[in-house]
Amino acid sequence: MLEKTVPPMGYELVDWEIQARSGLVRVFIDKPPGARATVSVEDCARVSNQLTHLFTVENFDYERLEVSSPGLDRPLKKLADYERFAGEEVQLNLHEMTDGARRWKGRIKEVRRGTDGDVVVLETAAGTREFPFAAIDKARLVPKIEWRKTK
């Protein structure tokens, strides 16, 4: 339902989760690639109102709905996310250990699509590393923190 509703409204569906015990439905949206603005409170309210109507029509049982931006540490779910954020720093968690580590941090250098499988190439402190996309369990952007001097 979400995949068919959110993108036609002009937003990217980044992620969603359902907490069965509490009846909470969380939906994370973003502006599409190339958009100049970030997700606003009004954007979240617009999507929330639409989803509330949809859930009523579809007789979807829930207690509470939360719609928000994915935050500064945005999760990367699809291969297109890695392409979109090429050059950005990311924290990867792999399904299995690779060279003695399951967690890797580095800048996304490139994404290679291939018939043998897709690969995400990171520039890490240990050099350039290639990770099969299928081997990645979770990934998030590392927030950029800029310190500014005040007078």
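Preceding block: the structure.
To start, this report covers the structure provided alongside it. (Residues numbered from 1 in each chain as written. Predicted model: local features only at pLDDT ≥ 70, side-chain atom pairs only at ≥ 80, totals over all residues. Heavy atoms only, no water.)

1. Some words on the pattern of salt bridges
A full pass over the atoms with the stated rule returns 18 salt bridges. A salt bridge links Arg 26 to Glu 17, with the shortest nitrogen-to-oxygen separation between them at 2.7 Å. A salt bridge links Arg 26 to Glu 66, with the nearest nitrogen and oxygen atoms 2.9 Å apart. In this pair, Arg 26 is assigned in strand β2 (residues 24–30) and Glu 66 in strand β3 (residues 64–68), connecting sequence segments 40 residues apart. Here the salt bridges do not stand alone but share partners, grouping Glu 12, Asp 30, Arg 74, Lys 78, Asp 81 and Arg 84 into one network. (Salt bridge = Lys/Arg side-chain N within 4 Å of Asp/Glu carboxyl O. Helix = DSSP H or I, 4+ residues; strand = E, 2+ residues; numbered from the N terminus.)

2. Observations regarding the sheet that holds strand β6 (residues 119–124)
Read across the open sheet, the five strands follow the order β7-β6-β5-β4-β8; overall the sheet is antiparallel. In this open sheet, the two strands that pair with only one neighbour each are β7 (127–132) and β8 (136–141). Pairs of neighbouring strands in the sheet enclose a mean axial angle of 40°, with direction left out of account. Both strand β5 (residues 101–112) and β6 contribute to a ladder of six bridges, which runs antiparallel. Directly across from Arg 112, in β6, lies its bridge partner Val 119. (Pairing = 2+ DSSP bridges. Axes fitted to C-alpha atoms, helices over the stretch in contact; angles between N-to-C directions.)

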